[in-house]
Amino acid sequence: MAQNIAVIGIKYFFVDLVGGVLGFPVWWYTRGLKLAARFCFGSIKNQWLGLGLSVWLKNLFVPMYGETAISGRIISFFMRIAVLVGKGIMFVVWSILMLVLFVIYLLALPFVVLNIIYHAWIFT
């Protein structure tokens, strides 16, 4: 049976437009939140791997360049400590930035909705 074009248009309006507007917050805090969390925590993991902190920690007491003298071992140890401190600071800063980005994602939708309501109320 053929449907009227007006009925089809009204159905698409309510299903697509209204359903999309009402369904967006649900998506934002379900699938979108999962994607944001995967991005942020995956980025932290990639930073850990990119800086090679586990390799530096594992080789902390191994002398550099095969130097077996006590002075070479001491210099190697303190040099690796210095590198670990620098890389550790970079990792902590990156982790904090990613966590702040995740919190911004969590707060963005309520902030936007409240601003829309506030400005709609002010200008009426």
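Residues numbered from 1 in each chain as written. Predicted model: local features only at pLDDT ≥ 70, side-chain atom pairs only at ≥ 80, totals over all residues. Heavy atoms only, no water.

Asker: Now, about the packing of aromatic side chains: what can you tell me, with residues and values included?
Answerer: By the definition in use, this model includes eight aromatic pairs. Between phenylalanine 41 and phenylalanine 102 the ring centres are 5.8 Å apart and the planes differ by 55°, which places this aromatic pair in the tilted class. In this pair, phenylalanine 41 sits in helix 2 (residues 31-51) while phenylalanine 102 sits in helix 4 (residues 70-122), placing the two residues 61 residues apart along the sequence. Its relative accessible area of 42% is what places phenylalanine 41 among the partly exposed residues. On the basis of relative accessibility, which here comes to 14%, the residue phenylalanine 102 falls in the buried class. Pairing phenylalanine 77 with phenylalanine 78 gives two aromatic rings, centres 5.3 Å apart and planes at 75°, and the pair type is edge-to-face. Overall, phenylalanine 78 belongs to the exposed group, its relative accessible area being 53%. Linked through ring pairs, Phe24, Trp27, Trp28 and Tyr105 together constitute an aromatic cluster. (Phe/Tyr/Trp six-rings, centres within 6.5 Å; stacked < 30°, edge-to-face > 60°. Helix = DSSP H or I, 4+ residues; strand = E, 2+ residues; numbered from the N terminus. Buried < 20%, exposed > 50% of the residue type's maximum accessible area, 1.4 Å probe, protein only.)

Asker: Got a sec to walk through the nonpolar core? Specific residues and values, please.
Answerer: Generally speaking, a soluble globular protein has its nonpolar side chains buried in company with each other. The biggest cluster of nonpolar side chains holds 13 residues, and the ones touching the most others in it are Leu53 and Phe91. Elements with a minimum of two residues in this core: helix 2 and helix 4. Take this core: its biggest share by element is six residues, from helix 4. Look past the residues within four positions of leucine 53 in its chain and what remains in contact with it is Trp48, Leu84, Lys87, Gly88 and Phe91. (Core = buried A, V, L, I, M, F, W, Y, C linked by side-chain atoms within 4.5 Å. Contact = heavy atoms within 4.5 Å.)

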